[in-house]
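What follows is each chain in one-letter form.
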Amino acid sequence: MRALLLESVHPDAAAILRSAGAAVETLDRALGEQALIEALAGFQLLGIRSKTEVTEAVFEEASDLLAVGAFCIGTNQIDLAAAGDRGIAVFNAPFSNTRSVVELAVAEIIAMTRRLTEKNAGMHAGLWDKSAEAAHEVRGRRLGIVGYGNIGAQLSVLAEALGMSVYFYDTDDKLAMGNARRCATLAELLGTVDVVTLHVDGRRGNLGMFGDDQFALMRPGSLFLNLSRGFVVDHHALRVHIESGHLAGAAVDVFPQEPAGRGDEFVSELRGLPNVILTPHIGGSTEEAQQDIGHYVAGKLRDYAHDGNTTMSVNLPHLSLPPRHGGRRIVHLHRNVPGVLAKINSLLAEHKVNIEGQLLDTRGEYGYAITDIAVDYPSALFDSLAAMPETIRVRSL
């Protein structure tokens, strides 16, 4: 088993995979499509973060690839359908960096509300400006959270503990935490709160969801944060509303186009604006979060490669059996059509192979069966399973 880890994935991830017997190679940068295709030759496992695009063309060429681990929350950089169609499992870390993102949001809300960015710049320029003008406490101010998932809900709890009144808007029906109040529409939220923070996911329907019309609905003197996805916000419109004084400040951690590597030039029309905090996509970049992500995703890759465990996969049915103790395990990913399990078991019976344990689950168009058998099997059985018209991928562990 060989694993390729890109974009400076935490070293613990490589250690976990090596302890499971994998040969691991690491790179500190993202790779483009063609470079990734060439690099993946002979690799079964791939680990990435947010910048590497794993396209259908990559999956088509990477014939040895078994699984992809996204060492981050989002998976919009991965063609999940193309992965599933080729029997490649995809895993991510939906919870591990939640706290880090929330703490950055809280820090930026306080910094902008107190106008610490301008005070800091003035001090470094030799200006002593001891004044309370335009500086406020966050206590008593109204926070509007757009996207009430794991991050939005935890931010809701911490903001309320700071004395803020919390409002939220989400397209799904979500349980309010504490005294948070749900808004029926985005427009209702924007016209109510003093601070708007975006925590939406990477679905393509969110492309450009926040532009001039939405900024115009925000209350004069309010603050804006985006720590979700770079493509959801019109940065030109944000600049216009900052320069006009309609918005008192903004904090942005994600951008439509981001430099490929550390040290590259960052270009944005948001540079140089007053009371605007720009950070280089570091919402989840704390040592604690990256270590947790490294452990979590590497563990999922290891368990899938060794035991066929797909628990928490983002594209395949969730299924697991206890680790094997002798014998064989056959994992069979197939099209979700009637009668597949009967066909599998018929072939096992035909080759006089006894089943010791078996589980089947389905998810959308995919079905996944794990079968434990006590003895080795004739090669003709495996060939027969692979030849089934419904088979996407079959492995023997």
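Preceding this section is the structure that the text describes.
Parameters at a glance
Residues numbered from 1 in each chain as written. Predicted model: local features only at pLDDT ≥ 70, side-chain atom pairs only at ≥ 80, totals over all residues. Heavy atoms only, no water. Axes fitted to C-alpha atoms, helices over the stretch in contact; angles between N-to-C directions. Helix = DSSP H or I, 4+ residues; strand = E, 2+ residues; numbered from the N terminus. Parallel < 35°, antiparallel > 145°, perpendicular 65-115°, else oblique. Left-handed = near helix turned anticlockwise from the far one by under 90°. Contact = heavy atoms within 4.5 Å. Nonpolar A, V, L, I, M, F, W, Y, C, P; charged D, E, K, R; others polar. Expected span 1.5 Å × (residues − 1). Core = buried A, V, L, I, M, F, W, Y, C linked by side-chain atoms within 4.5 Å. Buried < 20%, exposed > 50% of the residue type's maximum accessible area, 1.4 Å probe, protein only.

Engineer: Tell me about the packing of helix α5 (residues 98-113) against helix α7 (residues 150-161), and name the residues and values.
Structural biologist: Remark: α5 packs on α7, axes separated minimally by 9 Å, with the N-to-C direction vectors making an angle of 50°. Of the possible angle classes, the one that applies to α5 and α7 is oblique. For α5 against α7, the interelement crossing comes out right-handed. Facing α5, whose interface residues are T98, R99, V101, V102, A105 and V106, α7 presents N150, I151, Q154, L155 and L158. Of the residues assigned to the contact of α5 with α7, the class counts are seven nonpolar, three polar and one charged.

Engineer: Residues and numbers for helix α11 (residues 287-307), please.
Structural biologist: Between its first and last C-alpha, α11 extends 29 Å over 21 residues, near the 30 Å set by a 1.5 Å rise per residue. Positive backbone phi, approximately 75°, marks G308, located one or two places after α11.

Engineer: Tell me what's going on with the nonpolar core, and back it up with residues and numbers.
Structural biologist: The nonpolar side chains of a soluble globular protein tend to be buried, and buried together. Core analysis: the largest hydrophobic core is formed by 32 residues, its most contacted members being L5, L17, F71 and Y304. For this core, the secondary structure elements donating two or more residues are β1 (2-5), α1 (11-19), β5 (89-91), α11, β13 (328-335) and β15 (366-373). Per-element accounting of this core gives the leading share, six residues, to α11. If near-sequence neighbours (up to four positions away) are discounted, Y304 is found in contact with L66, A67, G87, A89, F91, N309, T310, L316, Y368 and R395. Residues L190, F215, V232 and L238 belong to the second largest nonpolar core, which totals 28 residues.

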